[in-house]
Amino acid sequence: MRYFLVFLSLLILLISPFFGQIDISFANIFDTTKMDYQIFWDIRLPRTILAFFVGAILALSGLVFQTIFRNPMSSPFTLGVASGATLFTAIAIVLGLSSFVSFFAFLGSLATIVILFIIASRFHSSETSSLLLVGIALSFFYSASLMVLFFISNLQESYEIVRFTMGSLDIVGFKDTYLVILAGIFILFMVKYYQNSIKLLLVSYQFAHLKGCNVKQTNYILLISVSIAVGICVSITGPIGFVGLIVPHIIKTITQKSAHTLILPIFFYGGIFLVLCDLIARNLGTTSDIPIGVVTSFLGAPFFIYLIIKRKK
Amino acid sequence: MLKINNYDSLILRNISFELQNKNLIILGSNGAGKTTLAKVLCGIIPSLNVFIEEKNPSGIYGDERAKLINYIPPKLEVYDDFMSVEEFLEINKLYSYKSIDEVLRLVNCEYIKNKKCKNLSSGESQLLLLSSAILHNAKYTIFDEPTSNLDPQKIKNSFHILQDEDILQNKIIITHNLNLAYKLGFDILFIKDGRIAFNDSSEQFFSDANLQLFFSDSVKKHDDNIVVNL
């Protein structure tokens, strides 16, 4: 079963660049004179790699959030971190600072995490549901602010913002992909580096403290790392919801293993999940690609509910 | 040496005592501040008034703190749904030479090894916590009601483990089980409304006069056992 899944995943990764509005034949991708060459190397391959790393980053971030905030509902999206990044990116667009979007997106996610942490430090550790409510309130606040931005921006800018908030993996060339690959390797390294602390935190904060872990410092470092990585993702692809929330749960439910042993699988399958969603989004036969967020939700939600029902039995 | 000097908070008032190579039992009614005191001693509630081997437990991290003091809560709390007993004990194995199997045999609970922590009964979780304390083997270990969920047979087994100086040294045991406290024979610290009301030997504490003073007529001595007088 396990090997079959890995095999299937690699197959999805390999075939993904070959399908889309224009089908590409394998024979032509090394022939520089053909159009297939351009499409494969400049559009499809960067896009597949981008999808993989964005999915991987979001899934791993979900795991980190669920561990640190001690709530299975937390993810960069449910707690408003991604909305913060989205809002700040929109601000950059309205201010005419389009070349600084990544920086703004990072600021947005970092600001949200700082707000969450200041509020969380006033709660007892048992009150994590309050924090979730704060995150939801923040998300609403951000979308209201986004509405204000729509009103004060001109047509061109609002179009740009709308396109951005839909989430899209449309890129040309490898420039943006490199940044996301770096972010992916960075977050994977950080989570792996703190694997032992995460193991302790999965028991309880008090327990981690007693085993010598510097809980506050570990939480800060992990959350800042996540906000850097998620900020970079959002600045390039816009907000893509749901991946961070469901992938960790799906992997945990299927494997029935403790989360600290699942860092690599969650990273890998999070990537595969988004590549698969993108593959579907590109091949539905519509005139333009449907937003990736639509596919992740359509595919993810029913499967997620199925798993929850199965687990309760 | 474990030392706390003039500790004051909303719950505790002017707490001072020292402990040198000795065990201690902390008694007191519900809400008297026993658990709070335990959390202050191990640094979960930060305080500058506590010193263990001259070090302040809320100011040090890593091995330095873990080897000094450990606190065993009354209930097992594990956030992760799928963590197994074995995995849990592995992260607890710090300064003990005993193996996980050995310790599980000691607490008479070998069959839980491959279970998930979430699926244990309250008694089994309590024995798991006891095992974790043995594997951690800190210089000082605070047990918060270590026998509250156990059946009589398991209480007896736990009593022998807590009594054994070779298994764990320097234990601080918070309990409501007066007979356990009496039979262990460790020094007694009695807390009343956040203040230390008694701090002396077991013999002194379990004299008829003191029993009457601290528990009025709710307990009595019977056949050299302390029983609840119903």
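Cut-offs used in this document
Residues numbered from 1 in each chain as written. Chains lettered and ligands numbered in written order. Predicted model: local features only at pLDDT ≥ 70, side-chain atom pairs only at ≥ 80, totals over all residues. Helix = DSSP H or I, 4+ residues; strand = E, 2+ residues; numbered from the N terminus. Buried ≥ 20, exposed ≤ 12 C-beta atoms within 10 Å, placed from the backbone. Contact = placed C-beta atoms within 7 Å. Pairing = 2+ DSSP bridges. Axes fitted to C-alpha atoms, helices over the stretch in contact; angles between N-to-C directions. Parallel < 35°, antiparallel > 145°, perpendicular 65-115°, else oblique. Left-handed = near helix turned anticlockwise from the far one by under 90°. Nonpolar A, V, L, I, M, F, W, Y, C, P; charged D, E, K, R; others polar. Right-handed = clockwise from strand over helix to strand, strands pointing away. pLDDT = per-residue confidence, 0-100. Expected span 1.5 Å × (residues − 1).

Participant: Help me out: how do you make sense of the overall build of chain B in this one?
Facilitator: Check the secondary structure of chain B and you find nine helices and eleven strands. Taken along its principal axes, the extent of the C-alpha atoms in chain B is 50 × 45 × 30 Å. Across the 230 residues that make up chain B, the buried fraction comes to 39%. Restricting to contacts in chain B with at least 6 residues of sequence separation, those with at least 24 account for 65%.

Participant: Help me out: how do you make sense of the sheet that holds strand 5 (residues 69–72) of chain B in this one?
Facilitator: Adjacent strands of a sheet form backbone hydrogen bonds with each other and so pair up, either parallel or antiparallel. All names here are of chain B. An order of 5-6-7-3-8-9 is seen for the six strands of this open sheet, with the pairing classed as mixed. The open sheet is flanked by strand 5 and strand 9 (195–200), the only strands paired with a single partner. Strand-to-strand twist of the sheet, defined as the mean angle between neighbouring strand axes without regard to direction, takes the value 15°. Relative to strand 6 (residues 140–144), strand 5 runs parallel, the two sharing four bridges. Among the inter-strand pairings, Ile 72 is bridged to a residue of strand 6, identified as Phe 143.

Participant: What's the story with the environment of Lys 156 of chain B in this structure? I'm lost.
Facilitator: Residue and element names in this part refer to chain B. Structurally, Lys 156 can be placed in helix 6 (residues 152–163). Residue class for Lys 156 comes out partly exposed when judged on the 13 C-beta atoms lying within 10 Å of it. Remark: the alpha-carbon pair of Lys 156 and Leu 180, spanning 24 residues in sequence, is separated by 8.8 Å.

Participant: What is the right way to read the packing of helix 4 (residues 101–120) of chain A against helix 10 (residues 215–237) of chain A from this model?
Facilitator: Pairs of packed helices are described in terms of their axes, by the angle between the two and the distance that separates them. Residues and elements named next belong to chain A. Running from N to C, helix 4 and helix 10 cross one another at 140°; their axes reach a closest spacing of 8 Å. Regarding the angle of helix 4 to helix 10, the classification is oblique. The chirality of how helix 4 crosses helix 10 is right-handed. Contact residues: helix 4 offers Val 101, Ser 102, Ala 105, Phe 106, Gly 108, Ser 109, Leu 110 and Ile 113, while helix 10 offers Leu 223, Ile 224, Ser 227, Ile 228, Val 230, Gly 231, Ile 232, Val 234 and Ser 235. Taken together, the residues that form the contact of helix 4 with helix 10 break down as eleven nonpolar, six polar and no charged.

Participant: Explanation requested: the sheet that holds strand 1 (residues 2–7) of chain B in the structure shown.
Facilitator: Residue and element names in this part refer to chain B. Sheet architecture is open: three strands sit in the order 2-1-4, paired in antiparallel fashion. Lying at the two open borders of the sheet, with one neighbouring strand each, are strand 2 (15–19) and strand 4 (50–52). For this sheet the average axis-to-axis angle between neighbouring strands, irrespective of direction, equals 10°. Bridge count for strand 1 against strand 4 is three bridges, and the pairing is antiparallel. Its bridge partner lying in strand 4, Leu 2 is registered against Ile 52.

Participant: Sorry if this is basic, but what is going on with the interface of chain B and chain A here?
Facilitator: The partner chain A presents 17 residues to the 19 residues of chain B that form the contact. At the level of elements, helix 2 (63–66), strand 5 and helix 3 (85–92) of chain B are the ones that each hand at least two residues to the side of chain B that touches chain A. The residue makeup of the side of chain B that touches chain A, split by class, is eleven nonpolar, two polar and six charged.

Participant: Sorry if this is basic, but what is going on with unusual backbone geometry here?
Facilitator: The bulk of non-glycine residues show a negative phi, and the bulk of peptide bonds are trans. Residues and elements named next belong to chain B. The backbone phi angle of Asn 21 is positive, close to 45°, even though this residue is not glycine. Even without glycine at this site, Glu 53 takes up a positive phi of about 50°. With respect to the helices and strands, the residue Glu 53 is situated in the loop between strand 4 and helix 2. Take Glu 53: there are 14 C-beta atoms within 10 Å of it, and that puts it in the partly exposed class.

Participant: Explanation requested: the pairing of strand 7 (residues 171–174) of chain B in the structure shown.
Facilitator: Two faces make up the sheet, and in a regular strand the side chains alternate between them. All names here are of chain B. Across the two faces of strand 7 the burial is the same, with Lys 171 and Ile 173 and Ile 172 and Ile 174 all buried. The pairing of strand 6 with strand 7 spans four bridges and is parallel. Residue pairing across strands places Asp 144 opposite Ile 174, the latter belonging to strand 7. For the crossover that starts at strand 6, traverses helix 6 and ends in the parallel strand 7, the hand is right-handed.

Participant: Mind showing me how you'd approach the confidence of the model for chain B here?
Facilitator: Regions with low pLDDT carry predicted coordinates that are not meant to be interpreted in detail. Per-residue confidence for chain B averages 93 on the pLDDT scale, and 100% of its residues sit at or above 70. Complex prediction metrics read pTM 0.89 and ipTM 0.92.

Participant: Which parts of the structure should I look at to understand the environment of Asp 289 of chain A?
Facilitator: All names here are of chain A. Following the sequence through the fold, Asp 289 ends up in the loop between helix 12 (263–282) and helix 13 (292–312). For Asp 289, a count of 18 C-beta atoms within 10 Å corresponds to the partly exposed category. Sequence spacing of Asp 289 and Lys 216 is 73 residues, and the spatial spacing of their C-alpha atoms is 43 Å. Once residues within four sequence positions are removed from consideration, Asp 289 is found in contact with Ala 281 and Arg 282.

Participant: Quick question: what am I supposed to make of the confidence of the model for chain A here?
Facilitator: Chain-level statistics for chain A give a pLDDT mean of 85 and a share of 96% at 70 or above. For chain A, the element scoring lowest by mean pLDDT is helix 13 of chain A, at 80; helix 8 (residues 195–201) of chain A scores highest, at 94.

Participant: What should I look at first to understand helix 10 of chain A in this one?
Facilitator: One turn of the α-helix equals 3.6 residues, which is why residues spaced by three or four share an orientation. Relative to the 33 Å expected for 23 residues at 1.5 Å per residue, helix 10 of chain A spans 32 Å between its end C-alpha atoms, a close match to the ideal helical length. Positive backbone phi, approximately 80°, marks Gly 238 of chain A, located one or two places after helix 10 of chain A.

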